[in-house]
Amino acid sequence: AQAEEHRCRERASQAMHEVSQAQADLREAEARCRRCMDTAREAEGRAEALCIRQRELASIRSHAPAELERATAEDEDLRDRAHALAERLAELDAKVERAHARANQFRNRQREADSALLCAAEVNQRLEAMRATLTNEVVLSREEIQTLHEIESLFQPARPARLMRTGYEE
């Protein structure tokens, strides 16, 4: 009976050892299972992110031709506008040049007019001085004739310079 008890204890000890080993194996299997589940969740997350990215790329791919067409049309429109602005700038440059030329003409005319006014004032002054010295209105002395010729020469040129140029256009 002791031998039987010893065998029972040995079998119980062996069974306990096997149970302990089975529990360790179970814990290890559970840990592996948790790691596998974590890996599966990570894989699912990556798969979901890849699906989202795939949908984004598909959307880009489907909209890209329209976006390219819109951008190309906008680029052409901007080029047309730049060309039109360049033409307008050239027109304005020409207009500015003409305005500068006209301003120079007006300044020249103003100088001529100022000079003519000064000359007329001087002629008037000399005529008034001569009138005071005239003794006879019908017969003029040589000095008086000479004075009249000098006064006449002050009126040269008789026409403004702009009228003496060939091909004058106002």
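Residues numbered from 1 in each chain as written. Predicted model: local features only at pLDDT ≥ 70, side-chain atom pairs only at ≥ 80, totals over all residues. Heavy atoms only, no water.

### Focus on the overall build of the protein chain
Secondary structure assignment for the protein chain yields three helices and zero strands. Along the chain direction, N to C, the helices and strands of the protein chain fall in the order α-α-α. Across the 170 residues in the protein chain, those meeting the buried criterion constitute 4%. Total accessible area on the protein chain is roughly 15,100 Å²; 56% of this is exposed by carbon and sulfur atoms. (Helix = DSSP H or I, 4+ residues; strand = E, 2+ residues; numbered from the N terminus. Buried < 20%, exposed > 50% of the residue type's maximum accessible area, 1.4 Å probe, protein only. Areas by Shrake-Rupley, 256 points an atom, 1.4 Å probe, with all protein chains shown as cover.)

### With respect to the packing of helix 1 (residues 2-133) against helix 2 (residues 142-154)
At a minimum axis distance of 10 Å, the contact between helix 1 and helix 2 shows a crossing angle of 170 degrees. One finds that helix 1 runs roughly antiparallel with respect to helix 2. Here Cys119, Glu122, Val123, Arg126, Leu127, Met130 and Thr133 of helix 1 lie close against helix 2, whose contacting residues are Glu144, Thr147, Leu148, Glu150, Ile151 and Leu154. (Axes fitted to C-alpha atoms, helices over the stretch in contact; angles between N-to-C directions. Parallel < 35°, antiparallel > 145°, perpendicular 65-115°, else oblique. Contact = heavy atoms within 4.5 Å.)

### Overview of the pattern of salt bridges
Pairs may arise between side chains of opposite charge once their charged atoms sit close together. Evaluation of the coordinates by the stated rule reveals 11 salt bridges. Note that Glu28 and Arg32 form a salt bridge whose closest N and O atoms lie 3.4 Å from each other. Pair noted here: Glu28 and Arg32 are both in helix 1, with a separation of four residues, about one helical turn. For the salt bridge of Arg126 with Glu150, the shortest nitrogen-to-oxygen distance reads 3.8 Å. Placement of the pair is Arg126 in helix 1 and Glu150 in helix 2, with a sequence separation of 24 residues. Since its relative accessible area comes to 32%, Arg126 is described here as partly exposed. Judged by its relative accessible area of 36%, Glu150 falls in the partly exposed class. (Salt bridge = Lys/Arg side-chain N within 4 Å of Asp/Glu carboxyl O.)

### Concerning helix 1
For helix 1, which comprises 132 residues, the first-to-last C-alpha distance of 181 Å matches the rise-based estimate of 196 Å (1.5 Å per residue) to within 8%. The largest bend along helix 1 reaches roughly 40 degrees and is located at His63, with the proline Pro65 sitting one to four residues downstream. Taken as a whole, helix 1 has its buried residues at Ala31, Arg109, Cys119, Val123 and Met130. (Expected span 1.5 Å × (residues − 1). Bend = angle between axes of the 7 residues up to and from the residue.)

### Details of the state of the cysteines
Applying the stated rule across the entire model yields zero disulfides. Cys33 supplies the cysteine sulfur nearest to Cys36, a cysteine that is in no disulfide, at a spacing of 6.7 Å. Here Cys36 falls in the exposed class, since its relative accessible area comes to 51%. (Disulfide = S-S within 2.5 Å.)

### So, the confidence of the model for the protein chain
Low pLDDT marks regions whose predicted coordinates should not be analysed in detail. Overall, the prediction assigns the protein chain a mean pLDDT of 86, with 89% of residues at 70 or greater. Within the protein chain, helix 3 (residues 161-164) has the poorest average pLDDT of any element, 60, and helix 1 the best, 92. (pLDDT = per-residue confidence, 0-100.)

### Some thoughts on the environment of Ser153
Inspection of the secondary structure assignment puts Ser153 in helix 2. Once the C-alpha coordinates of Ser153 and Val123 are considered, the two residues, 30 residues apart in sequence, prove to be 9.9 Å apart.

### A word on a nonpolar patch on the surface
Side chains of Leu127, Leu134, Leu140, Ile145 and Leu148 sit close together on the surface and give an oily, nonpolar patch of about 340 Å² of accessible area. Relative to the helices and strands, Ile145 is located in helix 2. Exposure remark for Ile145: the relative accessible area of 37% places this residue in the partly exposed category. (Patch = residues over 30% accessible without salt bridge, like charges linked within 9 Å, V, L, I, M, F, W, Y side chains within 5 Å.)

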